[in-house]
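Here is how the chains run, residue by residue.
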Amino acid sequence: MAEPNAAIVTRGLAKRYGRQVALDGLDLRVPTATVYGFLGPNGAGKTTTLRILTGLVRPDSGSVELLGRPFGRGERRVLFRVGALIEAPSFYPFLSGRENLRALAAAGGPVPRGRVDEVLDLVSLRDRAGDRVSGYSMGMRQRLGIAAALLNDPALLLLDEPANGLDPAGIVGLRETLRALAAQGRTVLVSSHILSEVEQLADVVGIIARGRLVREGPVAGLLAREGEVRLRVAPDEVATAGAALERLLGAGSVRRADDRGGVWLVARCDPARAADLNRQLAGAGVFASRIEAGATLESLFLELTGSARDGLGGA
Amino acid sequence: MRLFGSHLRRLVRRPATLVTYLLLTGLILLIIVAVAAASQQVADPQSSLAARLILTFPSAWTLTLAMVVAVGGMLALTYGAAIAGAEWSWGTLKTAVARGESRARYTLAAIAGATVLAWAGTLIAYAAGIVGALASAAAVHITSATLIDAQTAGDLAGQLARTALAIAMDVSIGYAIATVARSQLAGIGAGIGLYFGEGIIGIFVPQIVKWAPFAATSAMLGGGTTAVAGAASAASSARLDPDLAVVVVVAWLVLAAGFAAVWTERADING
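Procedures and definitions
Residues numbered from 1 in each chain as written. Chains lettered and ligands numbered in written order. Predicted model: local features only at pLDDT ≥ 70, side-chain atom pairs only at ≥ 80, totals over all residues. Helix = DSSP H or I, 4+ residues; strand = E, 2+ residues; numbered from the N terminus. Rg over C-alpha atoms; globule rule 2.2 N^0.38 Å. Buried ≥ 20, exposed ≤ 12 C-beta atoms within 10 Å, placed from the backbone. Contact = placed C-beta atoms within 7 Å. Core = buried A, V, L, I, M, F, W, Y, C linked by C-beta atoms within 7 Å. Pairing = 2+ DSSP bridges. Axes fitted to C-alpha atoms, helices over the stretch in contact; angles between N-to-C directions. Left-handed = near helix turned anticlockwise from the far one by under 90°. Nonpolar A, V, L, I, M, F, W, Y, C, P; charged D, E, K, R; others polar. pLDDT = per-residue confidence, 0-100. Right-handed = clockwise from strand over helix to strand, strands pointing away. Expected span 1.5 Å × (residues − 1).

**Quick word on the overall build of chain B**
Looking only at helices and strands, chain B features twelve helices and zero strands. Its helices and strands taken in sequence order, chain B reads α-α-α-α-α-α-α-α-α-α-α-α from the N to the C terminus. At 20 Å, chain B has a C-alpha radius of gyration in line with the 18 Å of a compact globule built from 271 residues. Principal axes of the C-alpha set define a box for chain B whose edges measure 65 × 40 × 35 Å. Scored against the burial criterion, the 271 residues of chain B give a buried share of 50%. Within chain B, contacts between residues separated by at least 24 positions form 79% of all contacts whose residues are at least 6 apart in sequence.

**Remarks on the overall build of chain A**
In terms of regular secondary structure, chain A is built from ten helices and 14 strands. Projected onto its principal axes, the C-alpha positions of chain A cover 75 × 45 × 35 Å. Across the 315 residues in chain A, those meeting the buried criterion constitute 43%. Long-range contacts, defined here as pairs at least 24 residues apart, represent 69% of the contacts in chain A between residues at least 6 apart.

**Topic: the nonpolar core**
In this structure, A:Ala147, A:Val188, A:Val190, B:Ala114, B:Tyr175 and B:Val249 are the most contacted members of the largest nonpolar core, which totals 160 residues. The dominant element in this core, judged by the number of residues it contributes, is helix α4 (residues 59-89) of chain B, at 20 residues. Sequence-distant contacts of A:Val188, defined by excluding residues within four places in its chain, comprise A:Val35, A:Tyr36, A:Leu157, A:Leu159, A:Leu178, A:Leu181 and A:Ala182. The next biggest cluster of nonpolar side chains, apart from the first, holds 15 residues, and it includes A:Val229, A:Ala267, A:Leu277 and A:Ala288.

**Some words on the interface of chain B and chain A**
Listed by partner, the interface residues are 23 residues for chain B and 25 residues for chain A. For the side of chain B that touches chain A, the elements supplying multiple residues, two or more each, are α1 (2-13) and α5 (92-98) of chain B. Sort the elements by how many residues they give to the side of chain B that touches chain A and α5(B) lands first, with six residues.

**Here we look at the environment of B:Gly187**
Residue and element names in this part refer to chain B. You can see Gly187 is positioned in helix α8 (residues 184-204). The class of Gly187 is buried, set by 29 C-beta atoms lying within 10 Å. Gly187 sits 13 residues away from Gly174 along the chain, and the two C-alpha atoms are 6.9 Å apart. Here Gly187 is in contact with Ala81, Ala84, Gly85, Gly174, Ile177, Ala178 and Ala181, once residues within four sequence places are set aside.

**A few points about helix α10 (residues 213-220) of chain B**
All names here are of chain B. Burial of α10 is extensive: eight of the eight residues sit out of reach of the surface. Turning to α10, its buried residues number three or more, namely Pro213, Phe214, Ala215, Ala216, Thr217, Ser218, Ala219 and Met220. Two residues or fewer after α10 comes Gly222, characterised by a positive phi angle close to 95°.

**Observations regarding the sheet that holds strand β3 (residues 35-39) of chain A**
Residue and element names in this part refer to chain A. Taken in spatial order, the six strands line up as β6-β7-β8-β3-β9-β10 in an open sheet, and their pairing is mixed. In the strand order of this sheet, the two ends are held by β6 (82-85) and β10 (212-218), each with one partner. Within this sheet the neighbouring strands show an average axis-to-axis angle of 15°, counted without direction. In this structure, β3 lies alongside strand β9 (residues 204-209), joined through four bridges in parallel fashion.

**Description of unusual backbone geometry**
Looking along the chain, the bond that leaves B:Phe57 and enters B:Pro58 is cis, with omega of 10°. Among the structural elements, B:Pro58 can be located in the loop between α3 (45-54) and α4. Positive phi values are uncommon outside glycine, yet A:Asp153 reaches one of about 50°. Structurally, A:Asp153 can be placed in the loop between α4 (138-150) and β7 (156-160).

**Here's the deal with the packing of helix α6 (residues 103-139) of chain B against helix α12 (residues 242-266) of chain B**
Residues and elements named next belong to chain B. Where α6 meets α12, the closest approach of the two axes is 8 Å, and the angle between their N-to-C directions is 145°. The hand of the α6/α12 crossing is right-handed. Between α6 and α12, the residues in contact are Arg103, Ala104, Thr107, Leu108 and Ile111 and Ala257, Ala260, Ala261, Thr264 and Glu265, respectively. Looking at the contact of α6 with α12 residue by residue, the classes come out as six nonpolar, two polar and two charged.

**So, the confidence of the model for chain B**
Residue and element names in this part refer to chain B. Summary statistics for chain B give a mean pLDDT of 89 and a share of 94% for residues scoring 70 or more. Per-element confidence in chain B is highest for α12, whose mean pLDDT is 96, and lowest for helix α11 (residues 229-236), whose mean pLDDT is 48. Considering only residues more than four positions removed or in separate chains, one finds that residues 227-236, a stretch of pLDDT under 50, has 31 contacts. Here the predicted complex carries an ipTM of 0.84, next to a pTM of 0.85.

**Focus: the pairing of β7(A)**
All names here are of chain A. Taking burial as the measure, the five residues of β7 include five buried ones, the bulk of the element. The two faces of β7 match: Leu156, Leu158 and Asp160 on one face and Leu157 and Leu159 on the other face are all buried. Here β6 runs beside β7; their pairing, made up of four bridges, is parallel. Along β7, the bridge assignment pairs Ala84 with Leu158. The sheet contact formed by β7 and strand β8 (residues 187-191) spans five bridges and is parallel. The residue of β8 that forms the bridge with Leu158 is Leu189. The parallel pair β7 and β8, bridged by helix α5 (residues 168-183), forms a crossover whose chirality is right-handed.

**Quick word on α12(B)**
All names here are of chain B. For α12, with 25 residues, the first-to-last C-alpha span of 36 Å sits near the 36 Å given by 1.5 Å per residue. Turning to α12, its buried residues number three or more, namely Ala245, Val246, Val248, Val249, Trp252, Leu253, Ala256, Ala257, Ala260, Ala261 and Thr264. Residues of α12 that are buried make contact with α4, α6, α7 (150-181) and α10.

**Comments concerning the sheet that holds strand β12 (residues 254-259) of chain A**
Residue and element names in this part refer to chain A. As summarised here, the arrangement of the four strands in space is β12-β13-β11-β14, forming an open sheet in which the pairing is antiparallel. A single partner strand is all that each edge strand has here, and the edge strands are β12 and β14 (290-293). On average, each strand axis in the sheet is inclined to that of its neighbour by 25°, with strand direction left out of account. Here β12 runs beside strand β13 (residues 262-268); their pairing, made up of six bridges, is antiparallel. The partner of Asp258 across the bridge, within β13, is Val263. Against the sheet, helix α8 (residues 238-249) contacts β11 (228-233), β12 and β13, and its axis sits at roughly 10° relative to β13. Of the strands in this sheet, β11, β13 and β14 touch helix α9 (residues 274-283), which is tilted by about 30° from β11.

Printed below as a string of structure tokens:
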């Protein structure tokens, strides 16, 4: 049964590579006409999900709907309306950028005449379009990859780390392009490790860890719901302050986090309630020496995925 | 046709195509120069006579073609392997599949494109070989009564058609091997291994190996067209009837192309 207003729906998606579990029952719902940030630590299953969504890999179980239609073996034509850049952009090194796009245009759905130059303009690559791809920088290859993804004027765009190798101007340009596409009613799914970039770009995020979705929702809503306020209190007032805050927020909503700077109480609540917390402490006769309000997508990501303090390895 | 045309255009631009053409043409010309030199050997009159025969028209037409097929068959195999391996290792197959292209159609179009380019290379090398044979014959003062006669022209048309079939089979087998290997180098290595391995195994079990692709090609073209298979099957006298060999070569061609298409259709594309 197709879900209305959803460009992508996955139900119970599972995939194993030998003994390695890549996806473990992934349920994803990407609303139409939004920019969806798809987040997860290395090995969480993001790229496997994108490969399944583009028909490169078949899931062991579960189902996928793309643009309101079931997608699986024998239903490849729905991809005519999907543009994708998965992992590193792939091109024939001995052909020019323009020739590569023309070669690509011959595969899959029909591409109108003149579209190749349109997308080259869109990614500011027209001046170098006649040069061989083997001479392109990483950023230029990335731009060409984005141009390739836009070739069929897709209703759904799947981009894996699209800002890789782009200079700051390129990143700003990409952000504007993707926002403009969403404003036109297209859906953009961006998988990225640059959380600050996703926070600025995405309307909705989905965070996966160990092959399962751990959170999904609008960025602002998630940050409000999953936000936190950090309050520094004197060590001998921790018990009083903690009890006072739990009376306001509920049992288990406050934890202690010490660092070299002193003792902190971390309250799980909407950062907009920081003043309420301060008032509650004052009412209990405790005065915080410092209050930091507001979670970032990064802190939320690290907490949900268990990546914090894992070093370079991630989860 | 759109996909086939696109494959053709990119293969024409591909350096591996030019390198393969130059290699094949260069090797054929070198062999002809060596044959011309051998024709002047006074110490070994038998070898000299055989060499003079290769440079004598009209028989030079079919003998030169046999040389081109012997060398070109292996190059066609490695060319097919290089094309398939690159599709996997460069990720260009991945990009096409992600655009909704049929994997099987893409594979078959790629094999067809590579086959057309391999045919062109074979014809170019053959033309160069004939020019080389004429020039060498003139240089070593071998005169021919006639350049070509009706009998030779008729034989040549049939041989060229069979050569085209053999080259198509070689490309398909190379493509299929590299599709499984997912790598240019591994595909080329395995292809060459199969080419020579078949001939070596043929020394021990000729009744089985005569059905193998390169032995069947050799039988179809009248023997001696593949480096080892020809020698092995000639030594053992185990050879298919030329007309039956055509059927066997067609079967190997269809099997290899079909296998490549089905394998690509079913594979997870992870790279």
